[in-house]
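Chains, contacts and geometry: an overview
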Amino acid sequence: MSEVKIAAATRTEFGKGAARRIRREDNVPGVLYGHGSDPLHLTLPGHDLLLALRTPNVLIALDIDGKTNELAIPKSVQRDPIKGFLEHVDLQLVTRGETVTVEIPVQAEGELAPGGNLLEYVLDALPVEAEATHIPEHVVVSVAGLEAGASILAKDVKLPSGVKLAVEDDAVVLQVLASQAEEPAAEGEGEEAAEA
């Protein structure tokens, strides 16, 4: 996984008014925490952060006030529910070689068995433990030829080397459901309705 460099500035103003001023300047308020250190309140450039967050579990190299360089991963992102712009971000401090627990998106590939079956994502993201600088962007699961009633468990998902499951082995990730066609009305019900 590549690093995304973002210049950040520490902030001393807090509260709704300060957050609104930061957002009006196309910036995003955020907090950097972890490793037992005090939380560090930051202002991050909105556009750069938005582009970085397109990659799940992106590794962000923060240049804080031009003095400090820190590595972080996003832990919580708050967006405006209507307009979708970033309102706040929580970042977790990480170091090279450190193992972190994250959720990586699950992508299915292949065609299900014929018959109009439906694929249900029970887990659309799989909790895993990985080295902070080697977090996979996603895992791919083959569903080719699976029929109704089949399921794929967490232990069946092939993970890259150095990545371990952070969920029970028998947790269901994907399952195939039979399509539910409408059943024709029973003959007696149709005749009674016609008589009424």
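Our structure is the block above this text.
First things first, this report covers the structure right here in the doc. (Residues numbered from 1 in each chain as written. Predicted model: local features only at pLDDT ≥ 70, side-chain atom pairs only at ≥ 80, totals over all residues. Heavy atoms only, no water.)

Glancing now at the overall build of the protein chain. A tally of regular secondary structure across the protein chain gives three helices and 13 strands. Here the protein chain has a C-alpha radius of gyration of 24 Å; the compact-globule value for 196 residues is 16 Å, and the former is much larger. Relative to its 196 residues, the protein chain shows a buried fraction of 35%. A sequence separation of at least 24 residues applies to 62% of the contacts in the protein chain between residues at least 6 apart. (Helix = DSSP H or I, 4+ residues; strand = E, 2+ residues; numbered from the N terminus. Rg over C-alpha atoms; globule rule 2.2 N^0.38 Å. Buried < 20%, exposed > 50% of the residue type's maximum accessible area, 1.4 Å probe, protein only. Contact = heavy atoms within 4.5 Å.)

For strand S6 (residues 86-94), the buried fraction is high: seven of the nine residues fall into the buried class. Of the strand pairs in this sheet, strand S2 (residues 27-34) and S6 are connected by four bridges, and their pairing is parallel. Bridging across to S6, glycine 30 finds its partner in valine 89. Note: strand S5 (residues 68-79) against S6, eight bridges, orientation antiparallel. Paired with arginine 79 across the two strands is leucine 86, which belongs to S6. Hairpin connection between S5 and S6: a loop of six residues separates the two successive antiparallel strands, and glycine 84 in this loop has a positive phi of roughly 80°. (Pairing = 2+ DSSP bridges.)

Where helix H1 (residues 16-24) is concerned, the buried positions are Ala18, Ala19 and Ile22. Take H1 and look down its axis: the buried residues cluster within an arc of 100°, on one side only. Residues Lys16 and Arg24 are exposed on H1 and point more than 90 degrees away from its buried face. Buried residues along H1 sit against S2 and strand S3 (37-45). Aspartate 26 sits one or two positions beyond H1 and adopts a positive phi of about 60°. (Arc of directions from axis to C-beta.)

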